[in-house]
2 protein chains.
Amino acid sequence: MTTYALAVDLGGTKVEAALVADDGAVLPGSRDRRPTGAESSSEQLAGSVREVVRSALGALPDGAALVGVGIGSAGPVDLTEGTVSPINLPAWRGFGLRALVIEAAGEALAEGVPVILRLDGVSLAMAEHWVGATQGVDNALAVTVSTGIGGGLIVNGRLLAGGTGNAGHIGQVQIATRTPGETSQNVTVEVLASGPHTVTWAKMQGWHGERGEDLARDYAAGDAVAVAAVRRSATALGEAITSVTTLLDLDVVAVGGGFSRVSADYLDLVRATIDEAAYNRYATRIRVVASGLSDEGPLVGAAALVHQAHLLG
Amino acid sequence: MTTYALAVDLGGTKVEAALVADDGAVLPGSRDRRPTGAESSSEQLAGSVREVVRSALGALPDGAALVGVGIGSAGPVDLTEGTVSPINLPAWRGFGLRALVIEAAGEALAEGVPVILRLDGVSLAMAEHWVGATQGVDNALAVTVSTGIGGGLIVNGRLLAGGTGNAGHIGQVQIATRTPGETSQNVTVEVLASGPHTVTWAKMQGWHGERGEDLARDYAAGDAVAVAAVRRSATALGEAITSVTTLLDLDVVAVGGGFSRVSADYLDLVRATIDEAAYNRYATRIRVVASGLSDEGPLVGAAALVHQAHLLG
């Protein structure tokens, strides 16, 4: 009999939930989403979570077993407390998301059913390993290049959560010279390579577009600033991956997220940077591949926390 | 009955071997060392390894059991091939160190006795976890600040080797702005923080000493350039640790190596940088502690590859 996990993905712009079968398929009709956003109050956010949880659970077929709940959340998280403090949801700091999902699920959760919270990037790494581009790989990084830059790690064939659940936060890795007295914020790969930051940089160079889609169009047309902006992003990402695989000696990195498709050669530019920047040559052996996930990836990853629980560290 | 491991530590200036008991104690009289060095030929290096291996094995008490061989080597290494390519021993590139040690040990090695090669920083992380400053810790980094900067990682309560054995190479993590077209060599923490590089930087600022010991003396006396040089090193190390624990969410970092004792407050300076630089606040929870190892640490770590084999990833 097919078993289902309730998958919940909390992000800066929306929260989604769905039922995901043990083969990684999202149950048709079970997927629901509600907006979140930086302006939302804590009660509005909680309401959105309750709605998508109840909506998804309502689609559970008669007689089917709900074997667990997997929650992927924008970080930071604190697994020791079961709380989340998403950077882009200021109303929630140290918020008990795990407890909220349990409350919202109510009687649909049988006693002893596991409810597992992890960072969203970590969930995505699980999805890549289960049904995506890093299947069968023991040392892999999954990276998303979008509004922000997030990631998750599989090492020694197991998920790497870190002491409080925040392992995988590649976006805040420092790759440029920091000004003493400041945080590393302005010298991290996220600030040097994300979609919005790259658009902002291009506009400062005199480019007249507004969005990543405009940058993609102008890059394809050979606009000099658009080309420079895309290369700058790919170079920063390549440098961060070089640092990470120098430290961790990885086999594969799967790169996804909308901005990673800003140009057809974005991954080629990333690869070229790794080849150029790596001082220790073993670091160049990492394979740079496109994500194997659809837009269901975050939900599939949250479900993998249940269906692939043997990979949890 | 006490069991012994043959421990071998290959570095850029010397190779050492000893017998180490299953409680982490080096057997008195079993420790031997021979020089290595960048000028040595491959045959000279091999001769030194053979000598220390045979000398150590000759100290095995009558009737005592040799239960394994642990080899820690300067990197990079290639565990899939059993070879080493130490940066500071140019005569050895892709050299079969594991096979050489097996040949040198000869009949002292009973059939089926494990011979385990790892990066030296990785071995040191094992030693810190076994008898040093990270005992009982599931997510820990061991760092050595000396001629170079090396490291090793314990994550999820297990040793992290990486796909080819090179995980832990923190010295080549990039923490400053790279010039396009170049490798990251000149912007890594090793080049910004190691003992020799820090001495060179101080001399470029007009300081008149020659060695780390001179820098230590002048720092203690309040010499402005010596103070700036030591702070520059500790700041770079703090930034690298911030990046690493942002990525891996570690509990503890144990800092050792001669240059980490250049000033009494070196670890305080590292801690202050982490507190200042970390953008994600969970990264500041890492405890910065002094290494708990003596100068036997590298040998104890190599032996830990045998006696603590359950930690191997």
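Residues numbered from 1 in each chain as written. Chains lettered and ligands numbered in written order. Predicted model: local features only at pLDDT ≥ 70, side-chain atom pairs only at ≥ 80, totals over all residues. Heavy atoms only, no water.

## Points about the overall build of chain A
Point 1. Secondary structure assignment for chain A yields nine helices and 12 strands.
Point 2. Taking 313 residues into account, the globule formula puts the C-alpha radius of gyration at 20 Å, and chain A, at 20 Å, falls close to it.
Point 3. Every one of the 313 residues in chain A was classed for burial, and the buried ones make up 59%.
Point 4. Accessible surface for chain A amounts to roughly 11500 Å². Of this, 49% is attributable to carbon and sulfur atoms.
Point 5. Charge centroids of chain A, computed over 21 positive and 33 negative side chains, lie 3 Å from each other. (Helix = DSSP H or I, 4+ residues; strand = E, 2+ residues; numbered from the N terminus. Rg over C-alpha atoms; globule rule 2.2 N^0.38 Å. Buried < 20%, exposed > 50% of the residue type's maximum accessible area, 1.4 Å probe, protein only. Areas by Shrake-Rupley, 256 points an atom, 1.4 Å probe, with all protein chains shown as cover. Lys, Arg positive; Asp, Glu negative; His and termini not counted. Charge placed at Lys NZ, Arg CZ, Asp CG, Glu CD.)

## Description of the packing of helix α7 (residues 224-248) of chain A against helix α8 (residues 266-277) of chain A
Residues and elements named next belong to chain A.
Point 1. Where α7 meets α8, the axes come as close as 8 Å, and the angle between the chain directions of the two elements is 50 degrees. Considered as vectors, α7 and α8 are oriented oblique to each other. Read as a crossing pair, α7 and α8 show a hand that is right-handed. Packed against α7, whose contacting residues are Val-230, Arg-231, Ser-233, Ala-234, Thr-235, Leu-237, Gly-238, Glu-239, Ile-241 and Thr-242, the element α8 presents Tyr-266, Leu-269, Val-270, Thr-273, Ile-274 and Ala-277 at the interface.
Point 2. Considering only residue class, the contact of α7 with α8 consists of nine nonpolar, five polar and two charged. (Axes fitted to C-alpha atoms, helices over the stretch in contact; angles between N-to-C directions. Parallel < 35°, antiparallel > 145°, perpendicular 65-115°, else oblique. Left-handed = near helix turned anticlockwise from the far one by under 90°. Contact = heavy atoms within 4.5 Å. Nonpolar A, V, L, I, M, F, W, Y, C, P; charged D, E, K, R; others polar.)

## A look at the sheet that holds strand β3 (residues 32-35) of chain A
Residues and elements named next belong to chain A.
Point 1. One open sheet holds the five strands; their spatial order is β3-β2-β1-β4-β7, and the pairing between them is mixed. Here the strands that pair on one side only, and so sit at the sheet edges, are β3 and β7 (115-119). Each neighbouring strand pair of the sheet contributes to a mean axis angle of 15 degrees, computed without reference to strand direction.
Point 2. Alignment of strand β1 (residues 3-10) against strand β2 (residues 14-21), held across seven bridges, turns out to be antiparallel. Across the sheet, the residue bridging to Asp-9 is Glu-16, located in β2.
Point 3. Contacts from helix α2 (residues 97-105) reach β1, β4 (65-73) and β7, with the element oriented near 145 degrees to β4. (Pairing = 2+ DSSP bridges.)

## Here we look at the domain arrangement of chain A
Residues and elements named next belong to chain A.
Point 1. Each assigned domain of chain A is listed with its residue range as follows: domain 1 (3-123 + 296-311) and domain 2 (135-290).
Point 2. One C-alpha centre belongs to domain 1, the other to domain 2; they are set 27 Å apart.
Point 3. The partner domain 2 presents 13 residues to the 13 residues of domain 1 that form the contact.
Point 4. Of all residues in domain 1, Leu-119, Val-122 and Leu-311 bury the most surface against domain 2, accounting for 45% of the area lost on that side.
Point 5. Linking domain 1 with domain 2 are zero salt bridges, by the criterion used here.
Point 6. Seen at the junction of domain 1 and domain 2, the total is four residue pairs in polar contact (both at pLDDT 80 or more).
Point 7. For the side of domain 1 that touches domain 2, the secondary-structure elements that each account for two or more residues are β5 (77-78), β7 and α3 (120-131). (Domains from an automatic or database assignment. Buried area = accessible area lost by both parts, 1.4 Å probe. Salt bridge = Lys/Arg side-chain N within 4 Å of Asp/Glu carboxyl O. Polar contact = N/O pair within 3.5 Å; in protein donor to acceptor, adjacent residues only side chain to side chain.)

## A closer look at the relation of the copies chain B and chain A
Point 1. When chain B is fitted onto chain A, the two copies agree to an RMSD of 0.0 Å after a turn of 180 degrees and an axial shift of 0.0 Å. Taken together, these values place the two copies in the relation of a two-fold axis. Considering only C-alpha atoms, the part of chain B nearest the rotation axis is Ala-176 of chain B, at 2.0 Å.
Point 2. Comparing interface residues between copies, 100% of those in chain B also lie at the interface in chain A; the contact surface is shared. (Least-squares fit on C-alpha atoms with pLDDT ≥ 70 in both.)

## A short note on the interface of chain B and chain A
Point 1. Taken together, the contact pairs 50 residues of chain B with 50 residues of chain A.
Point 2. Surface buried jointly by chain B and chain A totals about 4000 Å² across both partners, of which 54% is contributed by carbon and sulfur atoms.
Point 3. Applying the counting criterion to the chain B and chain A interface returns four salt bridges.
Point 4. For Glu-239 of chain A, the salt bridge is made with Arg-178 of chain B, and the minimal N-O distance between the two is 2.6 Å.

## Overview of helix α6 (residues 212-220) of chain B
All names here are of chain B.
Point 1. Among all positions in α6, only Asp-214, Leu-215, Asp-218 and Tyr-219 are buried. Projected onto a plane normal to the axis of α6, the buried residues spread over an arc of 135 degrees and lie on a single side.
Point 2. Among the structural elements, α5 (195-204), α7 (224-248) and α8 (266-277) are those in contact with the buried residues of α6.
Point 3. Note on α6: the residue one or two positions beyond its end, Gly-222, has a positive phi of about 85 degrees. (Arc of directions from axis to C-beta.)

## Points about the sheet that holds strand β7 (residues 115-119) of chain B
Residue and element names in this part refer to chain B.
Point 1. With mixed pairing, the five strands of this open sheet are ordered in space as β3-β2-β1-β4-β7. A single partner strand is all that each edge strand has here, and the edge strands are β3 (32-35) and β7. This sheet shows a mean twist of 15 degrees between the axes of neighbouring strands, independent of strand direction.
Point 2. Here strand β2 (residues 14-21) runs beside β3; their pairing, made up of four bridges, is antiparallel. The partner of Lys-14 across the bridge, within β3, is Pro-35.
Point 3. In the packing of helix α2 (residues 97-105) onto the sheet, contacts are made with β1 (3-10), β4 (65-73) and β7, and the angle to β4 comes to roughly 145 degrees.
Point 4. Strand contacts of helix α9 (residues 297-307): β1, β2, β4 and β7, with the helix running at about 130 degrees to β1, the strand carrying the most contacts.

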